[in-house]
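# Remarks on the overall topology
Take a look at the letters that make up each chain.
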Amino acid sequence: MGEKRRPQFYLYIPPNRPLSLPQLASSRQQNNMKTSLFFLYLLSLSYFNVVQVFGTGRSEGKENPFTAKASLIRYWNNHISNNLPKPPFLISKASPLNAIDLAKLTQLANHNSLSSHIESFCSLANLFCSFQEESSKLDAVGKGKGDANFAVYSSKNFKGYGSLSRGGIDSFKNYSDGLNTPNESFKKYSRGSSAHSEDFTSYAKDANVAIDNFTNYGSSATGGSGGFNNYQDRVNVPNLRFTSYDSDGNKHKLSFSTYSSETNSGSEAFINYGKKGKAVPAEFTSYSSNANTIGSSFAGYGVLGNSANDSFKAYGDSGNNPRNNFKIYGLASKLGIDNFTSYRDSANVGVDSFQSYARDANSGKANFVNYGKTFNVGNSTFKEYGKGSTGSTTIGFKMYDLARSFLDYAKKGVTFAGYTNSSSKETSVNRWVEPGKFFRESVLKQGNVMVMPDIRDKMPRRSFLPRGILSKLPFSTSHLSELRNIFGASMEGMLENALTECERPASRGETKRCVGSVEDMIDFATSVLGLSVTVRTTENVKGSKQEIMIGEVKGINGGEVTKSVSCHQSLYPYLLYYCHSVPKVRGYEAEILDVTSKSKINHGVAICHLDTSAWSPTHGAFLALGSSPGQVEVCHWIFENDMTWTIVD
């Protein structure tokens, strides 16, 4: 017998001819940067993976085995012990990076240099990013001039716009309406202006994920006004930031009317707002009404102000789970007046925090009238409220629900009147839970007609990151400044919201993990369920927001009680999932039929939670089903791009 032939491994790099590994190694001595980086990346791969994918001979005509997608498929084969088809909906979320771009970006991540190539990184890796232009065609446009009318306008950077303007008005109408991800930046806008007004009307209406930043806006402005009317109504995920807004202003009136009404999730931040302002009135009218899970943060608001006058009317009314945080509000202000009228009225649960509010104020006044007359009690905490205030500072509470917490507030000058007994509140009606979002197990019977909620994924389209890049990125609120440096300051609110939820302690009986790669998701699912697992989701979004008929129903694992791992999307630059173990469930697959034609339009996946004893009494499921924790099972559909992992039948 002759000597056994040593196998050769080839890599195809169009348009060059195939190169063997020895040939590729010699190319390191050349000045071909792409080939050199590629060779370094090849050496980092394990011999086992190379053999498994290549075998012997040429690999021409097959997918390049060094892409992120190919690596994911190898990982799946090595860590899941069944031969079921790989789910296309999950594989499609793999990183689109080809071998060359993957090698380059991995090197940048290893050297903490991604921030200097962020635009290429976001584009190549299919991330959701917000870029603030270094320069703009709008710089100083309108400087010192009169009226400017922006109608049917979108996604621009206003930097140094309207500075030193004298009189006139800038009008923004139909601005970024109906866009998926509008991204606006107003920096140093109307700075030092006099008697100049800005009017934002019908701004970013019906958008999906909106990011707006108002920085150094109206600084040292005298007179004039800023009006926000019909601003970001019906936006899915608003992220609004007002930083150093109206600082050192003098009688520059601000009005927020019909602001963020009927929005879903998201946050609004007012930071260093009205600092050192003089007689700066701010009106919040019909602010975040009928919104769902909106967070508003007022930090450094009205600090060192003089004769400020803030009015909160119809603020957060009829909202679902609103979260308002007033922190370092009105610190050391003089002669300030804050009026809260119809604040959080008819809201559903939620949390309000008033901390360091009107501290060390001089002769100020704060009135709470009709505050929180909810029919489903939330939680409000008052700490250091009016503490250290002097002069004739007065704080009054009228028509206020009993279920509140008052800690460390001023003992003098604070009056409480007109409490409402929380036991008399109405609880039988819930207008915030979408019909069909939660249902009983008995509904899943062939021939039944029910309403399907809106199961459409409204998040921006993104991809997972390869593990080699993901492992080099920080992922915690303690490293928020590093993440801000990478993805930009405009993304900070979004980053913080996701990280805070990921760091939340697990509920009783829950195991949880946030994952940014399919490999991490596989690891978590198999750690909970074992190696023989599969993953499912509802096939499409047909039937959303309409009546459907249930066709043939099949119980997953024979309809036996089991456990699963559910994964839900979070808003983040790359595709991020919040995955958690769900014990004591039954899973179902159901044909979804058109009510009229009885034809199949969808294949739905539903999960029924059998043990709800650890759920919050204010969970929307109990409001919808008229029950309480531990009393009923709760079922729901798996929404588009969410998924559930189970043990293979």
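Here the structure is a predicted model, which is why all the values come from computation and not from measurement. (Residues numbered from 1 in each chain as written. Predicted model: local features only at pLDDT ≥ 70, side-chain atom pairs only at ≥ 80, totals over all residues. Heavy atoms only, no water.)

### Some words on the side chain of S566
Here S566 shows up in strand β28 (residues 562-570). Once residues lying within four places of it in the same chain are set aside, the contact partners of S566 are Y578, C579, H580, V582, M643 and T644. (Helix = DSSP H or I, 4+ residues; strand = E, 2+ residues; numbered from the N terminus. Contact = heavy atoms within 4.5 Å.)

### Section: the side chain of S544
Structurally, S544 can be placed in the loop between β26 (533-536) and β27 (546-555). Within polar-contact distance, the side chain of S544 engages the backbone nitrogen of I455 at 3.3 Å. Leave out the neighbours within four places in its chain, and S544 touches M452, P453, D454, I455 and R456. (Polar contact = N/O pair within 3.5 Å; in protein donor to acceptor, adjacent residues only side chain to side chain.)

### Description of the pattern of salt bridges
Taken as a whole and judged by the stated rule, the model has 14 salt bridges. A salt bridge links R461 to E640; its shortest N-O distance comes to 3.6 Å. Here R461 is found in the loop between β24 (449-452) and α8 (467-470), whereas its partner E640 is found in the loop between β31 (634-637) and β32 (643-647), with 179 residues between them in sequence. Note that E501 and R504 form a salt bridge whose closest N and O atoms lie 3.3 Å from each other. Take E501: its relative accessible area is 34%, and that puts it in the partly exposed class. Taken together, the shared-partner salt bridges connect R467, R513, D520 and D523 into one network. (Salt bridge = Lys/Arg side-chain N within 4 Å of Asp/Glu carboxyl O. Buried < 20%, exposed > 50% of the residue type's maximum accessible area, 1.4 Å probe, protein only.)

### Considering the environment of P85
Examined against the element boundaries, P85 turns out to sit in the loop between α4 (68-79) and α5 (88-91). Distance from P85 to T534, taken between C-alpha atoms, is 9.2 Å for residues 449 residues apart in sequence.

### Some details on the state of the cysteines
Taken as a whole and assessed by the stated rule, the structure comprises four disulfides. Residue C122 pairs covalently with C129 via a disulfide, S to S 1.9 Å. Its torsion about the S-S bond being -75°, the disulfide of C122 and C129 is classed as left-handed. For the residue pair C122 and C129, the accessibility class agrees, reading buried in each case. Residue pairing for C567: its cysteine sulfur links by disulfide to C579, the two sulfurs lying 2.1 Å apart. Judged by the sign of its S-S torsion, about 115°, the bond between C567 and C579 is right-handed. In this pair, C567 is assigned in strand β28 and C579 in strand β29 (residues 576-593), connecting sequence segments twelve residues apart. Exposure class is identical for C567 and C579. Each is buried. (Disulfide = S-S within 2.5 Å.)

### A closer look at helix α11 (residues 518-529)
Between the first and last C-alpha of α11 there are 16 Å, a value that for twelve residues agrees with the 16 Å anticipated at 1.5 Å per step. Burial of α11 is extensive: ten of the twelve residues sit out of reach of the surface. (Expected span 1.5 Å × (residues − 1).)

### Regarding the nonpolar core
Core analysis: the largest hydrophobic core is formed by 40 residues, its most contacted members being F256, F284 and F354. Aside from chain neighbours lying at most four places away, what touches F256 is F228, F242, F270, Y273, E283, F284, T285 and Y287. L102, I118, L480 and C514 belong to the second largest nonpolar core, which has 36 residues in total. (Core = buried A, V, L, I, M, F, W, Y, C linked by side-chain atoms within 4.5 Å.)

### What to know about the confidence of the model for the protein chain
When pLDDT is averaged across the protein chain, the result is 75; 69% of the residues are at 70 or more. Throughout residues 1-61 the model reports pLDDT below 50, and contacts reaching past four residues in sequence, or to other chains, amount to 72 contacts. Counting interchain partners and residues more than four positions distant, the pLDDT-below-50 stretch residues 133-146 has 29 contacts. (pLDDT = per-residue confidence, 0-100.)

### So, the packing of aromatic side chains
Think of a pair of aromatic rings as described by two things: how far the centres are apart, and how the planes are tilted against each other in angle. Within this structure, the stated rule accounts for eight aromatic pairs. Plain terms: the ring middles of F464 and Y577 are 5.8 Å apart, the flat faces sit at 35° to each other, and that makes the pair tilted. One end of the pair, F464, is in the loop between β24 and α8; the other, Y577, is in strand β29, with 113 residues separating them in the sequence. Looking at F464, the relative accessible area reads 1%, which means it is buried. The buried category is assigned to Y577, whose relative accessible area is 0%. Ring pairing ties together the aromatic residues F172, F200 and F228, which thus form one cluster. (Phe/Tyr/Trp six-rings, centres within 6.5 Å; stacked < 30°, edge-to-face > 60°.)

### What to know about the packing of α4 against α11
For any two helices packed against each other, the geometry is given by the interaxial angle and the distance between the axes. Where α4 contacts α11, the axes come no closer than 10 Å and their chain directions differ by 15°. With respect to their mutual orientation, α4 and α11 come out roughly parallel. In terms of crossing hand, the pair formed by α4 and α11 is right-handed. Here S71, L72, Y75, W76 and H79 of α4 lie close against α11, whose contacting residues are V518, E519, I522, D523 and T526. For the contact of α4 with α11, the per-class residue count stands at five nonpolar, three polar and two charged. (Axes fitted to C-alpha atoms, helices over the stretch in contact; angles between N-to-C directions. Parallel < 35°, antiparallel > 145°, perpendicular 65-115°, else oblique. Left-handed = near helix turned anticlockwise from the far one by under 90°. Nonpolar A, V, L, I, M, F, W, Y, C, P; charged D, E, K, R; others polar.)

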